[in-house]
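As a plain string of letters, each chain reads:
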Amino acid sequence: MMKFAWDNYKNFAWGKNELRPLTRTGHIGNMFGGLRGASIVDSLDTLYIMGLLDEYNDAKEWVQSSLDLNSNGEASLFEVNIRYVGGLLSAYYLTGEEIFKRKVLDLGEKLLPAFNTPTGIPRGVINLGSGTSWSWGWASAGSSILAEFGTLHLEFVHLSELSNNPVYTEKVMNIRKLLNKIEKPHGLYPNFLSPVSGNWVQHHVSIGGLGDSFYEYLIKSYLMSDKTDEDAKKMYYGALEAIEANLVQKSPGGLTYMAEWRGGILDHKMGHLACFSGGMVGIGADDGAPEKRQHYLDLAAEITHTCHESYSRSATKLGPEAFRFDGGAEATATRLSDRYYILRPEVIESYMYMWRLTHDPKYREWGWEAVEALEQHCRVEAGFSGIRDVYAQTVSHDNMQQSFFLSETLKYLYLLFSDDDLLSLEDWVFNTEAHPLPVIHKSCMEEGGGLRLDSL
Ligand code: DMJ
């Protein structure tokens, strides 16, 4: 599947950000400013771990000769960080090739001006050429988004490790401190915050879009620090307690889900994006209160089960963008606009973590169902495509092979069917785009605090 997706990208969209598999053209989009080759940078580590070395070499050569960082245009700080910074970092850590280190350090520097705000909370959009930054037009009252400014920590800590420049860690620690200090409604973290005043702008809380990877990065910061980052740990378990008290629900049919919260009122909906949380709760089960270990493993399994139900209740056996638990619905999309599937990874991601944690064969069975569904409904002649309605027997394709399909969906599937020691969870954490970053083991630290690479 990876070779097919890659070969078609290479044939029809080489150097563009993504492949449009029906029209056999390239897509540039508006998330990465002037940066190009998102599918290449997102695929480096997947190709490498799968042993597709000719393809990896082509990708590396493109990075060397054509990845131009001197570009203007409106880029999402979050997307550039998780895909480009994350992709280059993991390619460097896996292969030791200096070119990736050089590129990622250049790119990291270009992101720093986004933090020049009164609070140090970065704005969402940055011009990589001029360094000017601003907020998304659609975000209320010039606010920054929790899932965006809260999903920089892992990459920025590694930028400091590689550059020996503490500035990156200082920037993300400042975000952490502000979030730790600020008053939180019922202990919850709302999705929108003003980078000027440092106050919440709206009391909307979600484990799906706009909130999701902030929570993921708290527990992963703790794990990546070899369990030394106690603040991250405290904030993660505090947030999880608030989520359990306010958002976790059981449907009449017995399905556990994480609802959304709008200023105290529950919206009984779960997004596909929120399905990463099965895996997240699972990987954090060992480090909370010992008496809660089994409880967290059960919660992780229940959420993953619910997300699997959202797949198995559709005609295509792929899950919708959002599913509901009201008006008689149980893990199904009720609105036409929620019925699409764009090759997202989160459900398969949770299968992979739950397999590693429990070795219950059902997770591999569920992963295989997803492989068959992807093959049947998303494979087209020149690549893989998202679909518009998972409930329709005859699918309509959206003509887009997202770069996260290569970096995440296919990587997590590959890992689900590999031995546990391929990117062991003891030694690696995956950024939110599935790019593996090494745990900074206490025993690997040099005197000055840098990571000793030969210890990986
Ligand atoms: C990816 O870019 C990342 O997983 C991000 O955290 C959420 N959205 C997509 C995949 O769905």
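Note that the structure is predicted; figures quoted are calculated from it, not measured. (Residues numbered from 1 in each chain as written. Predicted model: local features only at pLDDT ≥ 70, side-chain atom pairs only at ≥ 80, totals over all residues. Heavy atoms only, no water.)

## As for the packing of aromatic side chains
Phase 1 of the analysis: What the rule picks out here adds up to 26 aromatic pairs.
Phase 2 of the analysis: Where Y236 meets Y237, the ring centres are 4.8 Å apart and the plane angle is 80°; that geometry is what we call edge-to-face.
Phase 3 of the analysis: Judged by its relative accessible area of 10%, Y237 is buried.
Phase 4 of the analysis: Three or more aromatic residues joined by ring pairs form one cluster here, namely Y189, W200, F214 and Y215.
Phase 5 of the analysis: We note R379 situated over the ring of F4; from NZ or CZ to the ring centre the distance is 4.1 Å. (Phe/Tyr/Trp six-rings, centres within 6.5 Å; stacked < 30°, edge-to-face > 60°. Buried < 20%, exposed > 50% of the residue type's maximum accessible area, 1.4 Å probe, protein only. Lys NZ or Arg CZ within 6 Å of the ring centre and 35° of its normal.)

## Observations regarding the UniProt feature "binding site: Ca(2+)" (unreviewed entry) in the chain
Phase 1 of the analysis: Following the UniProt record, the feature "binding site: Ca(2+)" (unreviewed entry) maps to T432 here.
Phase 2 of the analysis: The exposure class of T432 is buried, given its relative accessible area of 15%.
Phase 3 of the analysis: Non-local contacts of T432, meaning those with residues more than four positions away in its chain, are made with F78, I82, T151, S213, E216, Y217 and E408.
Phase 4 of the analysis: Separated by 2.9 Å, the side chains of T432 and E216 make a polar contact. (UniProt positions renumbered as here; feature names shortened; annotations may be inferred. Contact = heavy atoms within 4.5 Å. Polar contact = N/O pair within 3.5 Å; in protein donor to acceptor, adjacent residues only side chain to side chain.)

## Here's the deal with the site of the ligand
Phase 1 of the analysis: Around the ligand lies a shell formed by I82, R83, L273, R344, P345, E346, F404, E408, T432 and E433.
Phase 2 of the analysis: A distance of 2.7 Å separates an oxygen atom of the ligand from a polar atom in the side chain of R344.
Phase 3 of the analysis: E346 places a side-chain nitrogen or oxygen 2.7 Å from an oxygen atom of the ligand.
Phase 4 of the analysis: Relative to its unbound accessible surface of 290 Å², the ligand loses 92% to contact with the protein.
Phase 5 of the analysis: Within the residue set of the shell around the ligand, elements represented by two or more residues are α4 (77-95) and α15 (403-416). (Near = heavy atom within 4 Å. Areas by Shrake-Rupley, 256 points an atom, 1.4 Å probe, with all protein chains shown as cover. Helix = DSSP H or I, 4+ residues; strand = E, 2+ residues; numbered from the N terminus.)

## Description of the UniProt feature "active site" (unreviewed entry) in the chain
Phase 1 of the analysis: The feature "active site" (unreviewed entry), as annotated in UniProt, sits at E79, D212, E321 and E346 in this numbering.
Phase 2 of the analysis: Within the secondary structure layout, E79 lies in helix α4.
Phase 3 of the analysis: By relative accessible area, E79 is classed as buried at 13%.
Phase 4 of the analysis: Discounting chain neighbours no more than four positions away, the residues touching E79 are M31, F32 and Y84.
Phase 5 of the analysis: Locating E346 in the fold gives a position in helix α13 (residues 346-358).
Phase 6 of the analysis: The buried category is assigned to E346, whose relative accessible area is 8%.
Phase 7 of the analysis: Leave out the neighbours within four places in its chain, and E346 touches H272, L273, C275 and F276.

## A short note on the sheet that holds strand β8 (residues 200-202)
Phase 1 of the analysis: Strand order in this open sheet of three strands is β6-β7-β8, and the pairing throughout is antiparallel. Taken across any chain shown, the strands that pair with only one partner, and hence form the sheet edges, are β6 (144-145) and β8.
Phase 2 of the analysis: As paired elements, β6 and strand β7 (residues 192-193) share two bridges and run antiparallel to each other. Its bridge partner being in β7, I145 is matched across the sheet by F192. (Pairing = 2+ DSSP bridges.)

## What to know about the state of the cysteines
Phase 1 of the analysis: Scanning all chains against the criterion turns up one disulfide.
Phase 2 of the analysis: A sulfur-sulfur distance of 2.1 Å marks the disulfide that ties C275 to C307. Measuring handedness by torsion sign, the sulfur bridge of C275 and C307 sits at about -90° and is left-handed. Here C275 is found in the loop between β14 (269-271) and α11 (277-283), whereas its partner C307 is found in helix α12 (residues 293-312), with 32 residues between them in sequence. Pair check on accessibility: C275 and C307 agree, each one buried. (Disulfide = S-S within 2.5 Å.)

## Re the sheet that holds strand β9 (residues 204-205)
In sheet architecture, strand pairing relies on hydrogen bonds along the backbone and comes in two forms, parallel and antiparallel.
Phase 1 of the analysis: Spatially, the three strands line up as an open sheet ordered β9-β12-β13, and their pairing is antiparallel. Edge positions in the open sheet fall to β9 and β13 (265-267), since each of these has one partner strand only.
Phase 2 of the analysis: Bridge count between strand β12 (residues 260-262) and β13: three bridges; the pairing is antiparallel. From the neighbouring strand, R262 faces β13, where its bridge partner is I265.

## A few points about α4
Phase 1 of the analysis: In a regular helix each residue adds 1.5 Å, so 19 residues correspond to 27 Å; α4 covers 26 Å between its end C-alpha atoms and thus fits that length.
Phase 2 of the analysis: The largest bend along α4 measures about 25° and falls at G86.
Phase 3 of the analysis: The buried fraction of α4 is high, at 18 of 19 residues.
Phase 4 of the analysis: Of the residues trailing α4, G96 is marked for its positive phi of about 75°. (Expected span 1.5 Å × (residues − 1). Bend = angle between axes of the 7 residues up to and from the residue.)

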